[in-house]
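# Understanding the architecture of this molecule
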Amino acid sequence: MEELNFIPNLASGPLDVYRNSASFNWKQLKLALEGDIELLRLKYKIWKTLEEDPLFAHHVVTPPVEELKRITQLQLKKINEYKFLTNAMFNASYGKRTRVIMTINEAVQSLNPSVSVKMAIGIYLFSNALLSLGTERHLKFYEATIKDRKILASFSLTEIAHGSDVRLMRTTATYDPRRKEFVIHTPDFEAAKCWVGNLGRTCTHTLLFAQLITPDGTNHGLHGFVVPIRDPATLETYPGLIVGDMGEKIGVNGIDNGFIMFNQYRIPRENLLNRTADVTEEGVYESSFSEPSRILGAALENLSAGRIGIMQESCHSISSAVAIAVRYAATRTQFGERDNEVPLIEYELHQWRLFGYVSAAVVFKLYIENFTRTYLSIVEKSNSGIRVDNLSEAVSEIHAMVSSSKPTLSWCVLEAAQQCREACGGHGYLKCANLGDIRSNHEPTVTYEGDNNVLSQQASNWLVRQYEAALSNRAVDSPLRTVHFLDHLPSIAKSTFSCTDTRQLKTPEFIISTYKWLLCWLLKYTYEKHEAEISSGRTKVQAKSKTQVYRAKTLTRVYGEYLALTFSLQSIEKKDSELQPVLYKLFCLYGLWSLDKHLVELYQGGFANKETAKLLRDAVLELCADLKGEIVSVVDALAPTDFVLNSALGKSDGKLYQNLQKAFFSHPGVFERARWWRDVVPSKL
Ligand SMILES: Cc1cc2nc3c(=O)[nH]c(=O)nc-3n(C[C@H](O)[C@H](O)[C@H](O)COP(=O)(O)OP(=O)(O)OC[C@H]3O[C@@H](n4cnc5c(N)ncnc54)[C@H](O)[C@@H]3O)c2cc1C
């Protein structure tokens, strides 16, 4: 236990009543959820350092948008100066270094999401792209970004008229062999790049995706280019560019999202990221697929790393939201019998509203920690040229996993933030509760790095392909074994609900086998509809579109939940025996609480009988009741420090009304007469 002394103890107070009934030590659970003591130590070091720095002090009143952008940029500069990524960590193996970078990102995100997004795009996404899409000639940009921090980058893909459908983007990069340069051009406002984080005010370079055109007029499709935007010394944009800031958004206002139009803007030929394809000095296009395994690894990294980062951040957002709402529920009393007021947490309705989300937070954390390790080990092997069996299939499977999990997690976290806000009643609506900021800063994650509904379609396409293979007795391409159960399709499809007691439902075996049935049935339901649409004369695109609602979309969500369950279960099985009882309960609650939302499909497909809904819902409520004595310590394990949580309702001392009074009384001008009083009182004439 001494090894966990770097985690500050919690102040004694009203929450002790519930803390004392926990069956486990919350610090040990915290370590189990983090998965690595050194990374946990680093997180606490970052939080402590930033707490002591006035630049990171919280704002009681939201500053104007332009000021938020200034502060965010200054905070990023300061974080660079702190050098949380030490030289030793920087020189460690790819897997270790990336885990450290991800931890720094998570720690910063829970304090100020705008800074972490700024850092993730401006430093890590860009430098990763240089390594994976570029070659030796781009190392100077890499060093200047990640080591010297002289470059702050942005990522320009989205255009005004095209976002999800990237193929039709219209920004061009035409090669001019005379001057050995690419000429970047924006034909009209609809083709302006937009939404680009860091572009509005601050970035020095952008990673631009544009249609590459050779002198013979051939369009070779979208390629990546490093494009200088501003003079780093003055932040003046270069001639030939029209760059603007997009103005106020409904969250993450510290980020300067911008738009840009290029007017015959020239960049050197060498700025094309040329790992997979190049243009010779004379203007001949050459594809260089000399090392297919490395190229695939590179593609994998680019596609998935950013979305994994979003999922890690989502885990932090849901952890903070449930910590605030559960601590509030344990200290806030309302109603009761004979003047004996009862804490909200005692009400079954309140438990049901919140505990499912607490279980989701735990399951997601364990899932993402486990999955990240698997993912990084595959990328590391492939980058270093070590043979990875079925790499191409693994790349497709990981893409499907990420494309289903990002929607499943980010939507669930958004629902959680809203439910937690409501569970704190009117006080939850105060800025000082922090639930509003958590919600609105999290919200765009369902859209950026791939809109959730569009990503879902990519995941279901992969799933249906595996189903087709299983139907025709071909091998399922699932090196990570996420759908290897399709080899037993006929027997799974025949299974039905046979439980007679809630105890039989509250087991990983029941939950996992029910999910397998559900996936098999949704695959059949989606596939058969698609085939029927094709038979009726629709095109493939039309048929895909007609299978989304109730079918493919639900299939993807269920697959995302199944992944969270199977990966977290693997992790729970290896945890300390003292922690396992509570972890299994949380696992079962998440599984059954999620299955409750799929009862229609369980009945529709003939799995359920007349007892199913009753037993399943009884089991959910029993688990909620069982977890009541544990839940405060569970959220203690999930929560960051009080400074980071920044909530008058969710402080770990549980002194709800004292903290609320302090927040009210310290609000600037709280007791002042309105400065504008003269404008509104009746004039004396
Ligand atoms: C805060 C924020 C930061 C961002 N940062 C960046 C950045 O740094 N760089 C960058 O390049 N971009 C950035 N973006 C843009 C983001 O990546 C895009 O908004 C996203 O890819 C979606 O594209 P879109 O907005 O054009 O939506 P559209 O593609 O127009 O989609 C609109 C809606 O239609 C639905 N839809 C689309 N196609 C289909 C279909 N086939 N079937 C059914 N429904 C469909 C989608 O689900 C969506 O709900 C950012 C966006 C936000 C909000």
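Residues numbered from 1 in each chain as written. Predicted model: local features only at pLDDT ≥ 70, side-chain atom pairs only at ≥ 80, totals over all residues. Heavy atoms only, no water.

## Section: the domain arrangement of the protein
In terms of domains, the protein is made up of domain 1 (15–52 + 293–479 + 490–666) and domain 2 (129–290). Here the C-alpha centre of domain 2 lies 36 Å away from the C-alpha centre of domain 1. (Domains from an automatic or database assignment.)

## What about the packing of helix α2 (residues 26–34) against helix α10 (residues 348–383)?
Closest axis-to-axis distance for the α2/α10 pair is 8 Å, and the angle between their directions is 45°. Classified by the angle between their axes, α2 and α10 sit oblique to one another. Judged by residue contacts, A32, L33 and E34 of α2 engage V362, K365, L366 and E369 from α10. Looking at the contact of α2 with α10, its residues break down into four nonpolar, no polar and three charged. (Axes fitted to C-alpha atoms, helices over the stretch in contact; angles between N-to-C directions. Helix = DSSP H or I, 4+ residues; strand = E, 2+ residues; numbered from the N terminus. Parallel < 35°, antiparallel > 145°, perpendicular 65-115°, else oblique. Contact = heavy atoms within 4.5 Å. Nonpolar A, V, L, I, M, F, W, Y, C, P; charged D, E, K, R; others polar.)

## Here's the deal with the packing of aromatic side chains
All chains considered together, the criterion is met by 23 aromatic pairs. With a centroid separation of 6.0 Å and 85° between ring planes, the pair formed by F371 and F567 is classed as edge-to-face. Placement of the pair is F371 in helix α10 and F567 in helix α18 (residues 548–573), with a sequence separation of 196 residues. Like F371, the residue F567 is buried in the burial classification. Judged by centre distance (5.5 Å) and plane angle (65°), the rings of Y467 and Y527 are edge-to-face. A residue pair is termed long-range when its members are at least 10 positions apart, and Y467 in helix α13 (residues 452–471) and Y527 in helix α16 (residues 508–535) qualify at 60 residues. For Y527, a relative accessible area of 18% translates into the label buried. (Phe/Tyr/Trp six-rings, centres within 6.5 Å; stacked < 30°, edge-to-face > 60°. Buried < 20%, exposed > 50% of the residue type's maximum accessible area, 1.4 Å probe, protein only.)

## What to know about the pattern of salt bridges
For the coordinates displayed, the defined rule picks out 33 salt bridges. The partner of K43 in a salt bridge is E106, with the nearest N and O atoms 2.9 Å apart. In this pair, K43 sits in helix α3 (residues 37–51) while E106 sits in helix α6 (residues 94–109), placing the two residues 63 residues apart along the sequence. Residue K43 is classed as buried on the basis of its relative accessible area, which comes to 1%. Across the pair K48 and E52 runs a salt bridge, and its minimum N-O distance is 3.1 Å. There is no split in this pair, since K48 and E52 are both exposed. A cluster of three or more residues bridged by salt bridges with shared partners is formed by D176, R178, R179, E181 and R266. (Salt bridge = Lys/Arg side-chain N within 4 Å of Asp/Glu carboxyl O.)

## Quick notes on unusual backbone geometry
At V252, a position not held by glycine, the phi torsion is positive, near 30°. Within the secondary structure, V252 is located in the loop between β7 (241–245) and β8 (258–262). For V252, a relative accessible area of 8% translates into the label buried. For N473, which is not a glycine, the phi torsion comes out positive at approximately 55°. Relative to the helices and strands, N473 is located in the loop between α13 and α14 (489–494).

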